[in-house]
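# Close look at the chain arrangement
One-letter residues, chain by chain:
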Amino acid sequence: METLEKQLGSLQEEAEFWTPQDALRWGLSRFGHTLAIASSFGAEDVVLIDVASRLGSKFRVFTLDTDFLFPETYELIEKIEKRYGITVERAKSELTPEAQAEQYGAALWASKPDQCCQLRKVEPLKKQLAGLSAWVTGVRRDQAPTRANTRKLEWDAKFKLVKLNPLADWNWNQVWDYIRAHEVPYNPLHDQNYPSIGCTYCTRPVQEGEDPRAGRWSGFNKIECGLHLKE
């Protein structure tokens, strides 16, 4: 019997012509309740939630609640839940911020950001994905060099499941055209030069001419938390 990974290989070229609606429709039809949209509630993520809401099928959304998100992000999560009638699943670290500080030292994000991301994002993601067959992300190719080869349909070898990136070929302007056209709620920090929004301690606004992800882990040789880095 042909493995799912091989089946995806034959579909990948076709998938490159899919619209976001096509990709989500395929994923929900194929995987149903074992597919979920991963959302950090950035601009791309709210677009995906809105697209999914228009397909007429129930869908799941989860977020990695690090306990260090911006107040604006928490407020947006509540607004999205009310707007779309969904309950966002929150994947959290087994360690409270206090327990992490006690075990690894205060302000781990400032001394060892990779370890902080591992504890508060990667490990919770592993547990969340363990119960899924497929996940959906808002990754776009033009966000960073590390994402330039993203396919719309992939086998995620790191987490051993299907990965859909419906907006892989979109640019920043297309994302915002959609948000404005459909009046999708978004994080107000985007209006304050935060194109990419993570945790409070590791995110700053970007300056004109900087890479869109330059505000993440500023001062460190790091532009990814590890969720989307391939094995």
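See the structure printed just above.
Heads up: these notes are all about the structure in this document.

## Examining the packing of aromatic side chains
- Scanning the model with the defined rule gives ten aromatic pairs in all.
- Taking 5.4 Å as the distance between ring centres and 75 degrees as the angle between the ring planes, the aromatic pair formed by Phe68 and Tyr201 counts as edge-to-face. You can see Phe68 sitting in the loop between strand E2 (60-64) and helix H4 (71-84) and its partner Tyr201 sitting in the segment after helix H8 (172-182), a full 133 residues away along the chain.
- Relative to Phe159, the ring of Trp135 lies with its centre 6.1 Å away and its plane at 90 degrees, an arrangement referred to as edge-to-face. Remark: Phe159 occurs in the loop between strand E5 (153-156) and strand E6 (161-164) and Trp135 occurs in strand E4 (residues 134-136); sequence separation between them is 24 residues. For the pair Trp135 and Phe159, a shared accessibility class is recorded, and that class is buried.
- Ring-pair connections join several aromatic residues into one group, and the members of that group are Trp18, Trp26 and Phe31.

## Considerations on the sheet that holds E2
- If you trace the six strands from one edge of the open sheet to the other, you get E3-E2-E1-E4-E6-E5, paired in mixed fashion. Each end of this open sheet is capped by a strand with a single partner; those strands are strand E3 (89-91) and E5. Neighbour to neighbour, the strand axes of the sheet diverge by 30 degrees on average, direction disregarded.
- Strand direction decides the pairing type here: strand E1 (residues 35-38) and E4, joined by three bridges, are parallel. In the strand pairing of E4, Leu35 is matched with Ala134.

## Thoughts on the nonpolar core
- Residues Trp26, Phe41 and Leu153 are the most contacted members of the largest nonpolar core, which totals 39 residues.
- The dominant element in this core, judged by the number of residues it contributes, is helix H3 (residues 43-53), at seven residues.
- Apart from residues no more than four positions distant in its own chain, Phe41 is found in contact with Val46, Ile49, Val61, Thr63, Thr73, Leu76, Ile77, Ile80, Val88 and Asn187.
- Of all hydrophobic cores here, the second largest spans eleven residues; its members include Leu64, Leu125, Leu132 and Leu161.

## Brief notes about H4
- An ideal rise of 1.5 Å per residue puts 20 Å on 14 residues; H4 measures up with 20 Å between its terminal C-alpha atoms.
- Residues Thr73, Leu76, Ile77, Ile80, Glu81 and Tyr84 constitute the buried set of H4. What you see down the axis of H4 is that its buried residues fit within an arc of 140 degrees, all on one side. Away from the buried face of H4 by more than 90 degrees, exposed residues Glu75, Lys79 and Lys82 are located.
- Tucked inside the fold, the buried residues of H4 contact H3, E2 and E3.
- Where H4 terminates, the next one or two residues include Gly85, which has phi positive at roughly 65 degrees.

## A closer look at the side chain of Thr203
- Summarising the element assignment, Thr203 is placed in the segment after H8.
- For Thr203, the side chain forms a polar contact with the main-chain oxygen of Cys199, separated by 2.8 Å.
- Excluding anything up to four places from it in sequence, Thr203 contacts Phe70, Tyr194, Ser196, Ile197, Gly198, Gly215 and Arg216.

## Focus: the layout of surface pockets
- Looking at the second largest pocket, its volume works out to about 190 Å³.
- Taken together, Trp172, Asn173, Trp176, Arg180, His190, Asp191, Asn193, Tyr194, Pro195 and Val206 form the lining of the second largest pocket.
- By residue class, the composition of the lining of the second largest pocket is five nonpolar, three polar and two charged.

Conventions adopted
- Within each chain, residue numbers correspond to sequence positions counted from 1 in written order.
- Totals for whole chains, interfaces and linings use every residue, but because this is a predicted model, local features are given only for residues with pLDDT of at least 70 and side-chain atom pairs only at 80 or more, for both listing and counting.
- Calculated side-chain values reflect all of the structure's heavy atoms, with hydrogen atoms and water omitted.
- Think of it this way: a Phe, Tyr or Trp ring, Trp meaning its six-membered ring, pairs with another when their centres are within 6.5 Å, and the plane angle makes it stacked under 30 degrees, edge-to-face over 60, tilted otherwise.
- Segments assigned H or I by DSSP are reported as helices when at least four residues long, segments assigned E as strands when at least two residues long, and all are numbered from the N terminus.
- Note on exposure labels: buried denotes an accessible area under 20% of the residue type's maximum, exposed denotes more than 50%, and partly exposed covers the range between, all computed with a 1.4 Å probe on protein chains only.
- Note on pairing: two strands pair once DSSP finds at least 2 bridges between them.
- Structural elements are reduced to axes, namely lines fitted to C-alpha atoms, with helices fitted over the stretch in contact, and the angle between N-to-C directions of any two is expressed from 0 to 180 degrees.
- To define a nonpolar core, start from buried Ala, Val, Leu, Ile, Met, Phe, Trp, Tyr and Cys residues and group those joined through side-chain atoms within 4.5 Å.
- We call two residues in contact when some of their heavy atoms are within 4.5 Å.
- Expected helix span is computed as 1.5 Å times (number of residues minus one).
- An arc is given here, and it is the one of the directions from the helix axis to the C-beta atoms.
- We define a polar contact as two N or O atoms separated by no more than 3.5 Å, with the added condition that, inside protein, one atom must be a possible hydrogen donor and the other a possible acceptor, whereas residues neighbouring each other in sequence contribute only through side-chain atom pairs.
- Space inside and on the surface of the protein is sampled on a 1 Å grid over the protein atoms alone, with a cavity defined as a set of points where a 1.4 Å probe fits but cannot get out and a pocket as an open set with protein on both sides within 12 Å along at least 5 of 7 lines; lining residues have an atom within 4 Å of a point.
- Grid points are joined across faces, edges and corners, and a volume is the space filled by probe spheres set on the points.
- Classes in brief: Ala, Val, Leu, Ile, Met, Phe, Trp, Tyr, Cys and Pro nonpolar; Asp, Glu, Lys and Arg charged; the others, Gly included, polar.

Function cannot be inferred from these measures alone, as they are strictly geometric.
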